[in-house]
Structure formats: structure tokens, C-alpha cells
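Coordinate analysis (summary)
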Amino acid sequence: MKKEYHIDLGKGDVGKYVLLPGDPGRVSLIASFFDNAKEMAFNREYRTFTGNITGHNGEKIKISTTSTGIGCPSTAIAIEELIKIGADTFIRVGTAGSLQKEVGLGDVVISTAAVREEGTTRQYVPLSYPAVANFEVTSALMQASKKLKFKSHTGICHCKDAFYTEGDKNLPLADYNAQMWKAWYRSNVLATSMESAALFVISSIRKVYAGEVLAIIGLTWAHTPVVKKVGIEDAIKVAIEAVKILNQFPIR
């Protein structure tokens, strides 16, 4: 069986639904919510488990989780190769820093689109092309969060390449960065992370389906990008419930 170079997986190794954390360590946590989960591969930053969950009609749904590593370049590789072996519905289960005071630690954020302040997607399409989540996947995530009664927010998020530029006053572009953070705050951008733009743009181009649910672990608006790892299991539960909804009411 031919395997993809980076993820070390071939056709049949994953389900059509794939949950995408950044951290390889979070893959085993997500897989703990599956039945009969099995580790399929662990190469570089790409770790994959496949198992199943029980849908709302009692059906067994094949589902996988693959880590993408940090940032859009490695995320783009994961998505491209997963598509080649049969996956077509992706939900990023990530962590983020809040850009709005009302978006608190442990809250869940469901992204409708991403500010493309990263470099990877510029090599796919011009910046005038929007990074937008799939409507049906986003709707399923919203329904899931409401059903589970988690505190959630839905809206535009921010995607970047550099993590340690937040609040650093000694950088050459410190004044520019401070101005841009104020702009995103004033634009009601909810949160910032590092993978969504690649996920949304590539999924749109390749005609597959993608959404994103984030756990807020930092307060970027207060210059504390990481405070406490909270809300991650809530985000996982939202993603899994969304898969059950999507399987019950298929997109296509």
C-alpha cells in the first residue's frame, strides 16, 4: 500500500472525518473519546489514531485524529496528504488566545473565517481570497456547543506565523504589531492561533469541508498568550458531537 510521505498513512487508514489538533500529545486525548482507537502512524509531527464513535442513529462512524504540528506550513501538508487518502471532513480542535475581553479562559470559540496574516496560503491564492470555514461544518459545531451547553462564541479568528511577537516591545516591528493587534481587537476578531487559514483555504480549493473549534487558553488582549490549558476537553466534545450531526445530515 502506497503511503503518503509525511503522515505515513495510506488509503483505508483514516475515516472521512478527521479531527486535527496541533499537538501530537493531544491526539491520544482525543482518541480516548473513540471506541477501539488504534494508533496508525507517528512520523515527524504527524500522529494519527483511528477508531469509531456511535452516531445518533446507532451507526458506527469511522473517525480519525491527526496532529498537524504548529503553524500553517505543516498543517497544509497534513491536509493535502489526508485528502489524498480519502478524508473529506476536517475539524481543527485547537487552542487559542482571546482577542476580546468577553472571550474568557476555558470558553469555546467556533471560527467562521480567519484573518490570513500568515505566509502559507499566499502561495496558493491571492490575499483577496477569503479563508472561510465550511457552512455546514460550522453550523454543526454551533449546534453541538449549544446542545452541550458550553459557553461559546462564534465569529472571525486570526491566524499568524510568529508566536513570540505578541506584546514584545523590543522587536523592530513592535509599533506596527501593537497597531495591528489594536486593529483586530477593534474589528471584533475573537481569537488568535496559527493553523486555521491553511485549513480553510486548502479545504475550499480542494472541495472538501472544514471547520474549527478552539479552547481559549490565553488572553492575548492582555499580553498573556498562554495562561492555563483549560477547555480542551470541551472543544473535543463539541467536535465529536458535530461529527455525529454531520453524519446524520450529510453535507453532500
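The present account deals with the structure reproduced in this document. (Residues numbered from 1 in each chain as written. Predicted model: local features only at pLDDT ≥ 70, side-chain atom pairs only at ≥ 80, totals over all residues. Heavy atoms only, no water.)

Bringing the environment of Arg 122 into the picture now. Looking at where Arg 122 falls in the secondary structure, it is placed in the loop between β6 (108-117) and β7 (131-132). What makes Arg 122 partly exposed here is its relative accessible area of 44%. With 63 residues separating them along the chain, Arg 122 and Glu 59 place their C-alpha atoms 41 Å apart. Excluding residues within four positions of it along the chain, Arg 122 makes contact with Arg 116, Glu 117 and Leu 127. Here the side chain of Arg 122 touches Glu 118 through a polar contact of 2.7 Å, landing on its backbone oxygen. (Helix = DSSP H or I, 4+ residues; strand = E, 2+ residues; numbered from the N terminus. Buried < 20%, exposed > 50% of the residue type's maximum accessible area, 1.4 Å probe, protein only. Contact = heavy atoms within 4.5 Å. Polar contact = N/O pair within 3.5 Å; in protein donor to acceptor, adjacent residues only side chain to side chain.)

What follows concerns the pairing of strand β1 (residues 17-20). The side chains of a regular strand alternate between both faces of the sheet. Where burial is concerned, the two faces of β1 agree: the one with Tyr 17 and Leu 19 and the one with Val 18 and Leu 20 are both buried. One ladder, built from four bridges, connects β1 with strand β5 (residues 89-98); its direction is parallel. Paired with Val 18 across the bridge in β5 is Phe 90. (Pairing = 2+ DSSP bridges.)

Our next topic: the packing of aromatic side chains. One pass over the structure, following the stated rule, counts one aromatic pair. Their ring planes at 80° and their centres at 5.0 Å tell us that Phe 163 and Tyr 164 sit as a pair that is edge-to-face. Overall, Phe 163 belongs to the partly exposed group, its relative accessible area being 29%. (Phe/Tyr/Trp six-rings, centres within 6.5 Å; stacked < 30°, edge-to-face > 60°.)

Moving on: the nonpolar core. Counting 32 residues, the largest nonpolar core has Leu 19, Phe 34, Ile 91, Val 93, Leu 141, Val 213 and Val 243 as its most contacted members. The dominant element in this core, judged by the number of residues it contributes, is helix α6 (residues 232-248), at 10 residues. What Leu 141 contacts, discounting residues up to four positions off in sequence, is Ile 91, Ile 110, Gly 211, Glu 212, Val 213, Val 238, Ala 239 and Ala 242. (Core = buried A, V, L, I, M, F, W, Y, C linked by side-chain atoms within 4.5 Å.)

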